[in-house]
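# Observations on the three-dimensional arrangement
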Amino acid sequence: MRVVILGSGRGSNAEAILLAKQAGGLGRAEVVQIFSDKPDAGILTLGPRFGVPAAFLDAAPYKTKLDGAGEQHYIAAITACRPDLIVLAGFMRVIKPGFLTAFAGKIINLHPSLLPSFPGLDGIGQAWRRGVKIAGCTVHEVTLEVDGGPIIDQAAVRIDESDTLETFSGKIHAAEHVLLPAVIARLSQKQP
Ligand code: GAR
C-alpha cells in the first residue's frame, strides 16, 4: 500500500509512522512521499532521516484551504506518486471537492479530539478549556464536512487533576503516535 503523507507542522506523527515502518509495525504499507505546504516545516526534515522523498508543495493562493491552483498542483504531484492512501498528519488546510474526487475513498485525517466533540482548530485546547475528563484522538475518513467523515478508530486519554495543558497535550500526542500507525497497518492488510 503506497502512502503519501501531508503535513504542515513538526511532523511527530509522520515520524511515528516512519518509526513504526522501521520496526516492522506498518503492515504492508510503505511511505512513498511526504509533502508540506510550509517550506520550513519540521516534517520535511524526516525525508533525509528516513530516506523518503520529502518536498514543499506550494498550496497558494489560499491560506487555510486547498483550492484553485494549489489544489491542482497537489492533485498532479500526488497522482504521480500513485498513492493507495493519503494521510493528513497535521495538514492544516480544508480539503475541497476537486481533491476529494481525485482521491475518492483514499484520504484519512488525524484529529486531536474524540470526534464528534471539538472539531476544527485547536482540538486539544478546546477539550482542555471545556474541562472534559476523558479526551483523545480520532482517525477518520475525509469528507467535505471538516472533521466529520466516518470514524475509523479512536484512542482515549484521561485528564488527571495534576495535568497541565502541556502534559495533557503530551498525552494526546503519545496516543496519536500509537493510533495512526496502527490504523495504517490495519488498512494495509485490507488492501487488495
Ligand atoms: C496533531 O496533533 C494532529 O492531530 C493535529 O495536528 C497535530 C500535528 O502534529 N491535526 C489537526 O489539528 C487537524 N485538524 P505533528 O505535526 O507533530 O504530527
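Residues numbered from 1 in each chain as written. Predicted model: local features only at pLDDT ≥ 70, side-chain atom pairs only at ≥ 80, totals over all residues. Heavy atoms only, no water.

### Notes on the nonpolar core
Basically, it comes down to this: Only buried residues count toward a nonpolar core, which is a set of Ala, Val, Leu, Ile, Met, Phe, Trp, Tyr and Cys residues joined through side-chain atoms within 4.5 Å. With a 1.4 Å probe rolled over the protein chains alone, any residue whose accessible area is under 20% of its type maximum counts as buried; one over 50% counts as exposed, and the rest are partly exposed. Each helix is a run of DSSP H or I of at least 4 residues and each strand a run of E of at least 2, with the numbering of both proceeding from the N terminus. Working rule for contacts: check all heavy atoms of both residues, and any pair within 4.5 Å makes them a contact.
Among the nonpolar cores identified, the biggest contains 38 residues, and Ile5, Val87, Leu180 and Ile184 are the most heavily contacted of them. With 7 residues, the single largest contributor to this core is helix H6 (residues 165-190). Not counting chain neighbours up to four residues away, the residues in contact with Leu180 comprise Asn13, Ile17, Val87, Ala89, Ile108, Leu110 and Val139. Grouped together as the second largest cluster of nonpolar side chains are 20 residues, Phe35, Leu57, Ile86 and Leu100 included.

### Description of the pairing of strand S7 (residues 107-111)
Counted only if it meets this: Two strands are said to pair when DSSP picks up at least two bridges between them.
Of all 5 residues in S7, 5 are buried; the element is thus mostly enclosed. By the alternation rule, side chains of S7 split into Ile107, Asn109 and His111 and Ile108 and Leu110, which are all buried. One ladder, built from 3 bridges, connects strand S5 (residues 85-88) with S7; its direction is parallel. Opposite Leu88, over in S7, you have Asn109 as the bridge partner. In the sheet, S7 pairs with strand S8 (residues 134-141) via 4 bridges, with the strands oriented antiparallel. Across the sheet, residue Leu110 finds its bridge partner in S8, namely Val139.

### Considerations on the site of the ligand
As a reminder, the rule being used: Nearness is defined per residue: one heavy atom within 4 Å of the molecule or strand is enough. Polar contact is defined as a pair of N or O atoms within 3.5 Å, subject to the rule that within protein one atom must be able to donate a hydrogen and the other to accept it, and that residues adjacent in sequence are counted only when both atoms are side-chain atoms. Values of accessible area rely on a 1.4 Å probe in the Shrake-Rupley scheme; residue burial ignores everything except the protein chains shown.
Taken together, Gly9, Arg10, Gly11, Ser12, Asn13, Gly90, Met92, Leu110, His111, Pro112, His173 and Glu176 make up the full set of residues adjacent to the ligand. Within the contact set of the ligand, an oxygen atom lies 2.8 Å away from a side-chain nitrogen or oxygen of Asn13. At 3.5 Å from a nitrogen atom of the ligand is found a side-chain nitrogen or oxygen belonging to His111. Coverage of the ligand by the protein amounts to 88% of the 450 Å² it exposes when considered alone. For the shell around the ligand, the secondary-structure elements that each account for two or more residues are helix H1 (12-22), S7 and H6.

### A short note on the packing of helix H5 (residues 123-130) against H6
For the record, the criterion: Note on method: axes are straight lines fitted to C-alpha atoms, helices fitted across the in-contact stretch only, with angles between N-to-C directions ranging 0 to 180 degrees. Here is the rule for angles: anything less than 35 degrees is roughly parallel, anything more than 145 is roughly antiparallel, 65 through 115 is roughly perpendicular, and the remaining ranges are oblique. The hand of a helix crossing depends on one turn: near helix anticlockwise from the far one by less than a right angle means left-handed, and clockwise means right-handed.
Their axes nearest at 10 Å, the elements H5 and H6 cross at an angle of 130°. Judged on the interaxial angle alone, H6 and H5 are oblique. The handedness of the crossing between H5 and H6 is right-handed. In this structure, H5 uses Ile124, Ala127 and Trp128 to contact H6, whose residues at the interface are Leu165, Phe168, Ser169, Ile172 and His173.

### Remarks on helix H3 (residues 68-79)
For the record, the criterion: Any helix carries an expected span of 1.5 Å times its number of residues minus one.
Spanning 12 residues, H3 covers 17 Å between terminal C-alpha atoms, matching the ideal 16 Å at 1.5 Å per step. Residues of H3 that are buried sit in contact with strand S1 (2-7), strand S2 (30-36), strand S4 (65-66), S5 and helix H4 (97-102).

### Here we look at the side chain of Glu176
Applicable threshold: Counted as positive: Lys and Arg. Counted as negative: Asp and Glu. His and the chain ends are not counted at all. What counts as a salt bridge is simple: a side-chain nitrogen of Lys or Arg found within 4 Å of a carboxyl oxygen of Asp or Glu.
Relative to the assigned elements, Glu176 resides in helix H6. It turns out Glu176 is buried and unbridged, and the closest side chain with the opposite charge, Arg10, is 6.4 Å from it. Once you skip the residues sitting within four places of it in the chain, Glu176 turns out to touch Asn13, Leu110, His111, Pro112, Cys137 and Pro181.

### Side note on the environment of Ser188
Structurally, Ser188 is set in helix H6. A relative accessible area of 0% places Ser188 in the buried class. With residues up to four places along the chain from it excluded, the contact list for Ser188 reads Met1, Leu26, Gly27, Arg28 and Ala29. From its side chain, Ser188 meets the backbone oxygen of Ala185 in a polar contact 2.7 Å long.

### A few points about the pattern of salt bridges
One pass over the full model with this rule turns up 9 salt bridges. A network of salt bridges, in which partner residues are shared, links Arg158, Asp160, Asp163 and Lys171.

### Considering the sheet that holds S5
Taken together, the 7 strands give an open sheet; going across it, the order is S3-S2-S1-S5-S7-S8-S9, and neighbouring strands pair in mixed fashion. Since the sheet does not close on itself, it has two edges, and those belong to strand S3 (54-56) and strand S9 (151-158), each with one partner. Each neighbouring strand pair of the sheet contributes to a mean axis angle of 20°, computed without reference to strand direction. Docked against the sheet, H6 engages S1, S5, S7, S8 and S9, running at close to 150° with respect to S9.

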